[in-house]
Amino acid sequence: MSYLPSIVLAVAGLILLFVLLIKLRRVLRVLTHTMSMVATNTRKRTGLLRARSAALRVAIAQRRGLEDR
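Quantities reported herein were computed from a predicted structural model and do not represent experimental measurements.

The rules we used
Residues numbered from 1 in each chain as written. Predicted model: local features only at pLDDT ≥ 70, side-chain atom pairs only at ≥ 80, totals over all residues. Heavy atoms only, no water. Helix = DSSP H or I, 4+ residues; strand = E, 2+ residues; numbered from the N terminus. Rg over C-alpha atoms; globule rule 2.2 N^0.38 Å. Areas by Shrake-Rupley, 256 points an atom, 1.4 Å probe, with all protein chains shown as cover. Patch = residues over 30% accessible without salt bridge, like charges linked within 9 Å, V, L, I, M, F, W, Y side chains within 5 Å. Salt bridge = Lys/Arg side-chain N within 4 Å of Asp/Glu carboxyl O. Lys, Arg positive; Asp, Glu negative; His and termini not counted. Charge placed at Lys NZ, Arg CZ, Asp CG, Glu CD. UniProt positions renumbered as here; feature names shortened; annotations may be inferred.

Participant: Help me understand the overall build of the protein in this model?
Facilitator: When its secondary structure is counted, the protein shows one helix and zero strands. What you see for the protein is a C-alpha radius of gyration of 30 Å, clearly larger than the 11 Å of a compact globule of 69 residues, by over 25%. On the principal axes, the C-alpha backbone points of the protein span a range of 105 × 15 × 5 Å. Total accessible area computed for the protein in this model is approximately 6,800 Å², and 69% of it derives from carbon and sulfur atoms.

Here it is in structure tokens:
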């Protein structure tokens, strides 16, 4: 019967490990979702910035063209 406390302790450890893995999985799922949202938002803002800078280059080129005439 001296092995009974060891078995109980091992089972308790496995249950604790299982609970911690479930919580970790939830946290990782939320983290993945947040990272996805941040990446999408960053891509949108980068696209808008590129469009604005392209429009500015076109406007400057048109302005220079008018000054040359």
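Participant: Looking at this structure, I do not really get a positive patch on the surface. What am I missing?
Facilitator: Together, Lys 23, Arg 25, Arg 26 and Arg 29 make up a positively charged patch on the protein surface. Among the secondary structure elements, Arg 25 is positioned in helix H1 (residues 4-68).

Participant: It is not clear to me how the UniProt feature "transmembrane region" (unreviewed entry) in the protein should be interpreted in this structure. Could you clarify?
Facilitator: In the numbering adopted here, UniProt assigns the feature "transmembrane region" (unreviewed entry) to residues 6-24. Between the C-alpha atoms that bound residues 6-24 the distance is 27 Å, and the span itself is 100% helix and 0% strand.

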